[in-house]
Amino acid sequence: MQDVTAEPLAHGLKQRHLTMLGLGGVIGAGLFVGSGAGIAVAGPGIVVSYLIAGALAMLVMRMLGEMSAAMPASGSFSVHAERALGRWAGFSVGWLYWFLLVVVLAVEATAAAQIAHGWLPAVAQWAWVLIFMVLFTCANLAAVKNFGEFEFWFAALKVAAIVLFLGLGLLAVFGVLPETEPVGFTHLTGAAGGFLPNGWEGVVSGVLAVVFAFGGLEVVTIAAAETEDPARNVARAVRAAVWRILFFYVGSMLVIVTVLPWTAQQAGLSPYVTVLDAIGVPAAGQIMNIVVFVALLSALNANLYGSSRMVFSLAERGEAPKGLLKVSGGEGGGVPRRAVLASVAFGFVSVLLNLLWPDTVFLYMLNAVGAVLLFVWGLIAASQLRLRRRIEREAPQTLTLRMWGFPWLTWVTLAGLGGVLVLMLTDDAARPQVMWSAGATGAVLVVAMVRELRARRA
């Protein structure tokens, strides 16, 4: 097993930063707002949909945690893919993930700007976007501990909001809150079609609606390289994150469909707001607006960080311009500022396209990354299949975090990812994402193969 080269990046992140990043990384607008789409197709069965999607994400993270604890690197799964499958794999998954982050970054910045513009209409939406982008660019150009502190408090607010929601929901279920009656499990099993109003087909459609909400956990393993003890810290963060996040997601859905009939949810309105309104929480809509706003800014900050470290890692391995390798010096040094600026520059382009042509040019870009997460997760599983045996032979002492049921659960995960892809192909709304994402993936793979052939001839 090759020794991992020491990273030139600063070790400014603490364990608390990493743990909270793991907890908050996937708690975003997809949960607070987008979960309504899943409830609409699955009814109370959305709980099962989240269990299935969450189990898939947990298995992927366990595999990624195993490899990252054994071989911590700022490029995380891109580095693992290169070691397991070859340069083409590391190049492809690294650039596709970078592209995914900088495109999604535009969606988050625009959505946060829309909320802020609603609060202060005198400030134009584009001005809010500019403010957010400049603010988080500065935070990422400074010492990495600044990023860690931003994410720590952002994630703490999101986690606190969900814990409070779960507490209020349980009190409402048992009729403890003023002017509430115990509802028991009536809304789960005895109303509007029962637990599975649309059958198992609805549950499967629910999986498709919610599985991508778990994207974002990968940043934990990228950030681990900038802690004092990467192997130990990433193992602890992954162990803590996967179970707690599944609890938050499934617990939230269980409360939502227990307190109110699933038919009470309104399209386009956060199911959290609907429940809080029903149990008499004043200004529930504005409270949730604030939580969603924080969630969007948190995701924007994390995506800018993750994209800069990914392109820096690609540059380290000769897969991106060497000029991106320069890191800052002095106190608070070790920050890849050129990589940050390169990522934010493309992020600004994405934002501009989103503001000018949201239904044409930017929509094509968004579709081009719509299914990329499945490719990333698939390569993580394939890499783990190859690397686990190698690590067991050459450095078994580094296996401080092990994948459950290896290799069978790894194969189950790959089959599950393939199943989600087939579902997307059969869904009219999701099919364009698969086709455009396949085109983008194919283009990157062609470039990777051409580079590989040239390298062999040289």
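Look up a bit, the structure's there.
Conventions we followed
- Residues numbered from 1 in each chain as written.
- Predicted model: local features only at pLDDT ≥ 70, side-chain atom pairs only at ≥ 80, totals over all residues.
- Heavy atoms only, no water.
- Helix = DSSP H or I, 4+ residues; strand = E, 2+ residues; numbered from the N terminus.
- Rg over C-alpha atoms; globule rule 2.2 N^0.38 Å.
- Buried < 20%, exposed > 50% of the residue type's maximum accessible area, 1.4 Å probe, protein only.
- Contact = heavy atoms within 4.5 Å.
- Areas by Shrake-Rupley, 256 points an atom, 1.4 Å probe, with all protein chains shown as cover.
- Phe/Tyr/Trp six-rings, centres within 6.5 Å; stacked < 30°, edge-to-face > 60°.
- Lys NZ or Arg CZ within 6 Å of the ring centre and 35° of its normal.
- Salt bridge = Lys/Arg side-chain N within 4 Å of Asp/Glu carboxyl O.

*Asks:* Honestly, the overall build of the chain in this entry has me stumped. Any pointers?
*Replies:* The secondary structure content of the chain amounts to 19 helices and zero strands. Over its C-alpha atoms the chain spans a radius of gyration of 22 Å, differing by no more than 12% from the 23 Å that the globule rule assigns to 458 residues. Principal-axis analysis of the C-alpha atoms places the extent of the chain at approximately 75 × 55 × 40 Å. In the chain, buried positions account for 55% of the 458 residues. When contacts within the chain are restricted to residue pairs at least 6 apart in sequence, long-range pairs at least 24 apart make up 79% of them. Roughly 18,400 Å² of accessible area belongs to the chain as shown, and the carbon and sulfur atoms make up 67% of that amount.

*Asks:* Looking at this model, I keep getting lost on the packing of aromatic side chains. Mind explaining?
*Replies:* Pairs of aromatic rings are described using the distance from one ring centre to the other and the angle between the two planes. Summed over the entire model, instances satisfying the criterion amount to 19 aromatic pairs. Ring plane angle 10° and centroid distance 4.0 Å describe the contact between phenylalanine 147 and tyrosine 305, whose orientation is recorded as stacked. Taken together, the residues phenylalanine 147 in helix α8 (residues 144–173) and tyrosine 305 in helix α14 (residues 284–316) connect sequence positions 158 residues apart. Aromatic pair phenylalanine 150 and phenylalanine 154: ring centres 6.1 Å apart, planes at 35°, arrangement tilted. Of this pair, phenylalanine 150 and phenylalanine 154 both sit in helix α8, four residues apart, which is roughly one turn of that helix. Members of the aromatic cluster, connected to one another through ring pairs, are Trp95, Trp98, Phe99 and Phe346. In this structure, arginine 16 is placed above the aromatic ring of phenylalanine 152, and the distance from its NZ or CZ to the ring centre is 4.6 Å.

*Asks:* How should I be thinking about the pattern of salt bridges in this particular structure?
*Replies:* Note on pairing: side chains with opposite charge can pair once their charged atoms come close. Counted under the stated rule, the structure contains eleven salt bridges. When the shortest N-O distance is used, the salt bridge between arginine 309 and glutamate 226 registers 2.7 Å. On the criterion of sequence distance, the pair formed by arginine 309 in helix α14 and glutamate 226 in the loop between α11 (219–223) and α12 (230–259) is long-range, its members being 83 residues apart. With relative accessibility at 1%, the residue arginine 309 sits in the buried group. One salt-bridge network, held together by shared partners, links Glu66, Arg388, Arg389, Glu392 and Arg402.

Keep in mind these numbers describe shape, not what the thing actually does.
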